Amino acid sequence: MVKYVAYSRISTFEQSRSGLGLESQKQIIYNFIKSNKGELTNSFTEVCSGSDKKGIRPIFREAVEYSKANGCTLIVSKIDRFGRSFKSLVLLKESGINFVSVDNPSNSNLVLNIMMSIAEEERIMISQRTKNALKVKKQQLRKEGKSLGNPNLDKVRHLAHAARRNSIKYDIVRNEKTNIVMEIFRDSGSFKACSDKLNRLKINQPNGKPFTQQQVRRYVQRYMKLQKVS
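Structure report, in brief. (Residues numbered from 1 in each chain as written. Predicted model: local features only at pLDDT ≥ 70, side-chain atom pairs only at ≥ 80, totals over all residues. Heavy atoms only, no water.)

## Focus on a nonpolar patch on the surface
On the surface, a nonpolar cluster with roughly 290 Å² of combined accessible area is contributed by Leu110, Ile114 and Ile118. Its place among the elements puts Ile114 in helix H5 (residues 108–143). (Patch = residues over 30% accessible without salt bridge, like charges linked within 9 Å, V, L, I, M, F, W, Y side chains within 5 Å. Areas by Shrake-Rupley, 256 points an atom, 1.4 Å probe, with all protein chains shown as cover. Salt bridge = Lys/Arg side-chain N within 4 Å of Asp/Glu carboxyl O. Helix = DSSP H or I, 4+ residues; strand = E, 2+ residues; numbered from the N terminus.)

If you want it as structure tokens, here you go:
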């Protein structure tokens, strides 16, 4: 029996148009799993754009990591639910997990490769357009006897770096909380399991609020930063 992990996603724009988007995706996935005599082991839901302008979507990353750790097949209703970002598609591809989209189950891997090619081409085109625009801007400023950027940047850069290091390294309260979160995260193995355990133990954030998956992820990232400046 194939074990599946469901991932459903809508953008905030899609959510504003209809509240049925997520439920529809979940029903399509459930029907597919049932008709193929599979087993749904976990389900992840995210409201976020597929462009990943702020980085790889945290819930999507967690769904991939969970699938890999538990030997499950990641399933979506339509393959575009994985997203349009090259980084996200590479994450899925390089994870080595099995995945399937209900709209095209037999050729999901082929379609993903095509999507990756399109995303990479788009990334290159955007990069080139940005370089061309900067080149034109520099030429215009040079004619005016000016330069692009802050002329005193070198003088203040080290001050900014020092302030950043100190804000991370010497925030004692948050550092202690970070260590607690990391200890539980290592044992639980996922952001959700970690947040659930923290809340069961009544361990709150410094502001007194309970932990969420997203907050656990931020604390894990903070821990990584602490290791770099320690």
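Additional details are given in the paragraphs that follow.
## Details of the nonpolar core
In summary, soluble globular proteins display a tendency toward joint burial of nonpolar side chains. Of all hydrophobic cores here, the largest spans 19 residues; its most connected members are Tyr7, Phe60, Leu74, Phe82 and Leu92. When residues of this core are traced back to their parent elements, those giving at least two are strand E1 (3–10), helix H3 (58–70), strand E3 (73–76), helix H4 (86–95) and H5. No other element matches the four residues that H3 contributes to this core. In this view, Leu92 contacts Phe60, Val64, Leu74, Phe82, Ile97, Phe99 and Leu112; residues no more than four positions away in its chain are not counted. Membership of the second largest hydrophobic core comes to 13 residues, among which are Ile184, Phe185, Phe191 and Phe211. (Core = buried A, V, L, I, M, F, W, Y, C linked by side-chain atoms within 4.5 Å. Buried < 20%, exposed > 50% of the residue type's maximum accessible area, 1.4 Å probe, protein only. Contact = heavy atoms within 4.5 Å.)

## Describing unusual backbone geometry
Within the chain, Lys37 stands out as a residue other than glycine whose phi angle is a positive 55 degrees. Structurally, Lys37 can be placed in the loop between helix H2 (21–35) and strand E2 (39–47).

## Some remarks on the sheet that holds strand E4 (residues 98–101)
What links the strands of a sheet is backbone hydrogen bonding, and the strands pair in either a parallel or an antiparallel sense. The parallel open sheet is built from four strands, whose spatial order is E2-E1-E3-E4. Bordering the open sheet on either side are E2 and E4, each of which pairs with just one other strand. Within this sheet the neighbouring strands show an average axis-to-axis angle of 25 degrees, counted without direction. For E3 and E4, the ladder comprises four bridges, and the chain directions are parallel. What sits directly across from Thr73, in E4, is Asn98. On top of the sheet, H3 reaches E1, E2 and E3; it is set at about 165 degrees to E2, its chief contact. (Pairing = 2+ DSSP bridges. Axes fitted to C-alpha atoms, helices over the stretch in contact; angles between N-to-C directions.)

## A short note on the side chain of Ser95
Here Ser95 lies in helix H4. Since its relative accessible area comes to 10%, Ser95 is described here as buried. Reaching out from Ser95, the side chain makes a polar contact with the backbone oxygen of Leu92 at a distance of 2.7 Å. A polar contact is formed between the side chain of Ser95 and the backbone nitrogen of Ile97, at a distance of 3.4 Å. Once residues lying within four places of it in the same chain are set aside, the contact partners of Ser95 are Val64 and Lys68. (Polar contact = N/O pair within 3.5 Å; in protein donor to acceptor, adjacent residues only side chain to side chain.)

## Section: the pattern of salt bridges
Opposite charge on two side chains permits them to pair, given that their charged atoms come into close proximity. Counted by the stated rule, this structure contains two salt bridges. A salt bridge links Arg81 to Asp80; its shortest N-O distance comes to 3.1 Å. Given a relative accessible area of 10%, Arg81 falls into the buried group. With a relative accessible area of 29%, Asp80 lands in the partly exposed category. Between Lys192 and Asp196 there is a salt bridge, and its shortest N-O distance comes to 3.1 Å. Linking Lys192 with Asp196, this pair stays in helix H8 (residues 191–200), spanning four residues, or about one helical turn. Residue Lys192 is classed as partly exposed on the basis of its relative accessible area, which comes to 36%. With a relative accessible area of 31%, Asp196 lands in the partly exposed category.

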